[in-house]
Amino acid sequence: MKTGKLLIFGAAALLTACSAAYEGNDAFQVTPLKDILAPIRVGAAIDNWTLQNEQNMELFSRHFNSATCENSMKPIETERNEGEFTFDTPDKVTDFVLGNKDAVMRGHCLIWHSQCPSWLTEDSTLVFQRMKEHIFAVMNHYKGKVYCWDVVNEAIDDGPGFLRNSQWTRCAGQHFIDSAFVYAHQADPDALLFYNDYGLNNPQKREKCYQLVKGMLERGIPVHGIGMQGHYNVTMDYSTVDESLTRFEELGVLIQFTELDIAGGGPDRRSMRRQMGQDRPNGTQGQQQDQMAAFGGYSGNGGLQMPELTDEQKMHQDSLVTEAYRKFFTVVKKHRKSIHTITFWGLSDNYSWLNSRSRQNAPFLFDGEYKAKNAYFAVRELWNNRK
Ligand code: 9MR
């Protein structure tokens, strides 16, 4: 009996020692990201594509404890035609996520100029009623399951204006944001309500977001958090993220990174185009897209097919992405007390909106073969040494 117990104890101790000593990079064996970064929650954008692949589901369950539907909760998906609702995919995703005992679900998004059905904003006498009915229907459907919502997405202007000139401002006026938050709070008083945008590290956009949320708070509008999307890249200056966090902390609202990925590090797109003899003159759409990429809003290369990266190019990209993650998480570490959740806009490099036949990024901590990348180990090391 005594020997038996000893043996069991010995085996358990050996197992613990083995798991602690795991030195490989198998994503299914390395320390879960959510354990490393706790109490910050770690999220991922997932969707139907995730549920079609066991490894994706396993990767999610091991490393993440928050999820966002990448597309299927957006208005064009849930209510393409007025009054006709489709919740099949987001219901499946939500069931899967909540089947993980420690995971929560974010809602994305209720009001946005993109992926927005035209009926919502075609009549200025009906726009507020329609907005309200859409918000009520979607939030009621997910009440008790989705704990927070990106109520308004990307409403701030990238240029000199305050709000983006969109179908929402044109049809409903400047106050559509306040109304959306008021309706959302009426629909589900327990839900946490976020304003979500990209490029909030940009000083001008940061200040507009600060003023927007400050004004809402002063007017008693129920806004509880700022979502910094975090579509970053390898060349940007991460001290701008630090400065935005410091500024937003003054507001006392929750702060989440809602769509983190780090683009770039591959061959330069302009020189690539030149090499391929397909450059476009200044002032065309290409230049606009390059400007948007600087904001982190767009990383395409205009649809040109790029050749497969060489091993050397991949290693170069990997080292730049690792370094960028190190810089980003150094900032996160400094502000860790005020960061609620960090959601990656995908799970692993085998699927990202940044990747297609014409653009090759490696934006995450796990690669396409479910291996933890150097960036994962850089974050882990940084976090283990945080004291
Ligand atoms: O990742 C999403 C991609 O699959 C869609 O085609 C695209 C449509 O606009 O939206 C992407 O997600 C966006 C998110 O909803 C809001 N912020 C920017 C994200 C990347 O474009």
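Since the structure is predicted, the reported quantities are computational estimates derived from the model, not experimental observations.

## Quick word on the environment of Asn355
Reasoning step 1: If you trace the backbone, Asn355 turns up in the loop between strand E9 (339-344) and helix H15 (374-384).
Reasoning step 2: Residues Asn355 and Ala263, spaced 92 residues apart in sequence, show a C-alpha to C-alpha distance of 9.5 Å.
Reasoning step 3: Polar contacts involving the side chain of Asn355 include one to the main-chain amide nitrogen of Asn361, which spans 2.5 Å.

## Focus on the confidence of the model for the protein chain
Parts of the model with low pLDDT should not have their predicted coordinates read in detail.
Reasoning step 1: Taken residue by residue, the protein chain gives an average pLDDT of 89. The fraction at 70 or more is 84%.
Reasoning step 2: Counted against residues more than four places away or in other chains, residues 279-302, with its pLDDT under 50, gives 39 contacts.

## Examining the pattern of salt bridges
Reasoning step 1: All told, the structure shown has 13 salt bridges when counted by the stated rule.
Reasoning step 2: Note that Asp242 is salt-bridged to Lys334, the shortest N-O span being 2.8 Å. Linking Asp242 in helix H11 (residues 239-249) with Lys334 in helix H14 (residues 311-334), this pair joins segments that are 92 residues apart in sequence.
Reasoning step 3: Residue class for Asp242 comes out buried when judged on its relative accessible area of 15%.
Reasoning step 4: Take Lys334: its relative accessible area is 58%, and that puts it in the exposed class.
Reasoning step 5: Salt bridges here are not isolated pairs; linked through shared partners, they connect Asp158, Asp197 and Lys205.

## A short note on the packing of helix H10 (residues 203-218) against H11
Reasoning step 1: The geometry of H10 relative to H11 is characterised by a closest axis approach of 10 Å and an angle of 15° between their N-to-C directions. In this view, H10 runs roughly parallel relative to H11, as classed from their interaxial angle. The handedness of the crossing between H10 and H11 comes out as right-handed. In this structure, H10 uses Arg206, Glu207, Cys209, Tyr210 and Gln211 to contact H11, whose residues at the interface are Thr240, Glu243, Ser244, Arg247 and Phe248.
Reasoning step 2: Classifying every residue of the contact of H10 with H11 by side-chain character gives three nonpolar, three polar and four charged.

## A closer look at the pairing of strand E3 (residues 104-111)
Reasoning step 1: The buried fraction of E3 amounts to eight of the eight residues, a majority that puts the element mostly inside the structure.
Reasoning step 2: Examined bridge by bridge, strand E2 (residues 66-69) and E3 share three bridges and lie parallel to one another. Paired with Ser66 across the bridge in E3 is Val104.
Reasoning step 3: Where E3 and strand E4 (residues 146-153) come together, five bridges link them in parallel fashion.

## Overview of the layout of surface pockets
Reasoning step 1: Within this model, the largest pocket holds a volume of roughly 610 Å³.
Reasoning step 2: Lining the largest pocket are 21 residues, with Lys314, Asp349, Ala362, Asp367 and Gly368 sitting closest to its centre.
Reasoning step 3: Contributions of two or more residues to the lining of the largest pocket are made by H14 and H15.
Reasoning step 4: With five residues, H14 is the single largest residue contributor to the lining of the largest pocket.

## So, the state of the cysteines
Reasoning step 1: Within this structure, the stated rule accounts for zero disulfides.
Reasoning step 2: Here Cys171 stays free of any disulfide, with the sulfur of Cys116 as its closest cysteine sulfur at 9.7 Å.

## Considerations on the environment of Tyr238
Reasoning step 1: Looking at the element boundaries, Tyr238 is found in the loop between strand E7 (231-233) and H11.
Reasoning step 2: We classify Tyr238 as buried; its relative accessible area is 3%.
Reasoning step 3: The spatial distance from the C-alpha of Tyr238 to the C-alpha of Phe329 is 9.5 Å, given a sequence separation of 91 residues.
Reasoning step 4: Looking at Tyr238, its side chain comes within polar contact range of the main-chain oxygen of Asn233, at 2.9 Å.

## Details of the site of the ligand
Reasoning step 1: Within the structure, the ligand sits among 14 residues, and Glu70, Lys74, His108, Glu154 and Glu259 are positioned closest to it.
Reasoning step 2: Within the contact set of the ligand, an oxygen atom lies 2.4 Å away from a side-chain nitrogen or oxygen of Glu70.
Reasoning step 3: Trp345 is positioned with one of its side-chain polar atoms (N or O) 3.0 Å from an oxygen atom of the ligand.
Reasoning step 4: Starting from 450 Å² of accessible surface for the ligand in isolation, the protein chains cover 77%.
Reasoning step 5: Here the residues of the shell around the ligand sort into three nonpolar, seven polar and four charged.

What counts, and where the lines are drawn
- Residues numbered from 1 in each chain as written.
- Predicted model: local features only at pLDDT ≥ 70, side-chain atom pairs only at ≥ 80, totals over all residues.
- Heavy atoms only, no water.
- Helix = DSSP H or I, 4+ residues; strand = E, 2+ residues; numbered from the N terminus.
- Polar contact = N/O pair within 3.5 Å; in protein donor to acceptor, adjacent residues only side chain to side chain.
- pLDDT = per-residue confidence, 0-100.
- Contact = heavy atoms within 4.5 Å.
- Salt bridge = Lys/Arg side-chain N within 4 Å of Asp/Glu carboxyl O.
- Buried < 20%, exposed > 50% of the residue type's maximum accessible area, 1.4 Å probe, protein only.
- Axes fitted to C-alpha atoms, helices over the stretch in contact; angles between N-to-C directions.
- Parallel < 35°, antiparallel > 145°, perpendicular 65-115°, else oblique.
- Left-handed = near helix turned anticlockwise from the far one by under 90°.
- Nonpolar A, V, L, I, M, F, W, Y, C, P; charged D, E, K, R; others polar.
- Pairing = 2+ DSSP bridges.
- 1 Å grid on protein atoms, 1.4 Å probe; cavity = no way out; pocket = protein on both sides within 12 Å on 5 of 7 lines; lining within 4 Å.
- Points joined across faces, edges and corners; volume = space filled by probe spheres on them.
- Disulfide = S-S within 2.5 Å.
- Near = heavy atom within 4 Å.
- Areas by Shrake-Rupley, 256 points an atom, 1.4 Å probe, with all protein chains shown as cover.

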